[in-house]
Amino acid sequence: SILVVSSCLSVLSTLLELSAFAKLRASRPELERPFAVPVQSRAGLALFLFFPFVIGSVSFVSCFVGGGFMLPVVNSLGLLGGPLSYIALRRCTGARYHHGAVR
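Definitions and cut-offs
- Residues numbered from 1 in each chain as written.
- Predicted model: local features only at pLDDT ≥ 70, side-chain atom pairs only at ≥ 80, totals over all residues.
- Heavy atoms only, no water.
- Patch = residues over 30% accessible without salt bridge, like charges linked within 9 Å, V, L, I, M, F, W, Y side chains within 5 Å.
- Areas by Shrake-Rupley, 256 points an atom, 1.4 Å probe, with all protein chains shown as cover.
- Salt bridge = Lys/Arg side-chain N within 4 Å of Asp/Glu carboxyl O.
- Helix = DSSP H or I, 4+ residues; strand = E, 2+ residues; numbered from the N terminus.
- Expected span 1.5 Å × (residues − 1).
- Bend = angle between axes of the 7 residues up to and from the residue.
- Buried < 20%, exposed > 50% of the residue type's maximum accessible area, 1.4 Å probe, protein only.
- Polar contact = N/O pair within 3.5 Å; in protein donor to acceptor, adjacent residues only side chain to side chain.
- Contact = heavy atoms within 4.5 Å.

Caption draft 1: Fine view of a nonpolar patch on the surface. On the surface, Leu-80, Leu-84, Tyr-86 and Ile-87 cluster together into a nonpolar patch covering about 390 Å² of accessible area. Within the secondary structure, Leu-80 is located in helix H3 (residues 70–93).

Caption draft 2: Structural detail: helix H2 (residues 42–62). The first and last C-alpha atoms of H2 sit 29 Å apart over 21 residues, in line with the 30 Å expected at 1.5 Å per residue. Phe-50 marks the point of greatest bend in H2, at about 40°, and the proline Pro-52 comes within the next four residues. The complete set of buried residues in H2 reads Leu-45, Leu-49, Ile-55, Gly-56, Ser-59 and Ser-62.

Caption draft 3: Region of the structure containing the environment of Glu-30. In this structure, Glu-30 sits in the loop between helix H1 (2–27) and H2. Exposure remark for Glu-30: the relative accessible area of 57% places this residue in the exposed category. At 3.1 Å, the side chain of Glu-30 forms a polar contact with the side chain of Arg-28.

Caption draft 4: Region of interest: H1. Given a rise of 1.5 Å per residue, 26 residues ought to cover 38 Å, and the 37 Å separating the end C-alpha atoms of H1 matches this to within 8%. Of all the positions in H1, only Cys-8, Val-11, Leu-15, Leu-18 and Arg-25 are classed as buried. Contacts made by the buried residues of H1 are with H2.

Written out as structure tokens, the structure is:
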């Protein structure tokens, strides 16, 4: 149960970070940032954050629901989400990533 509480709080902090990222990106797009995210519009930003926010929300809710199959499903979707998001973003924008920079 300590592990469940720790995981729950970790997911909650990540959701807070995603929310702060979205707010700053929408309210202050001119700020210089150390990493360039290849998103040009608010719709692109919403699409970029949709998958991590949904998986994080489901993970947070699964901390309180005792469904035995829910957590492995969420973890599997989370593991697949990164590569699938990368492929989709690369196809949509044609951007290439090399050593942390967008080309």
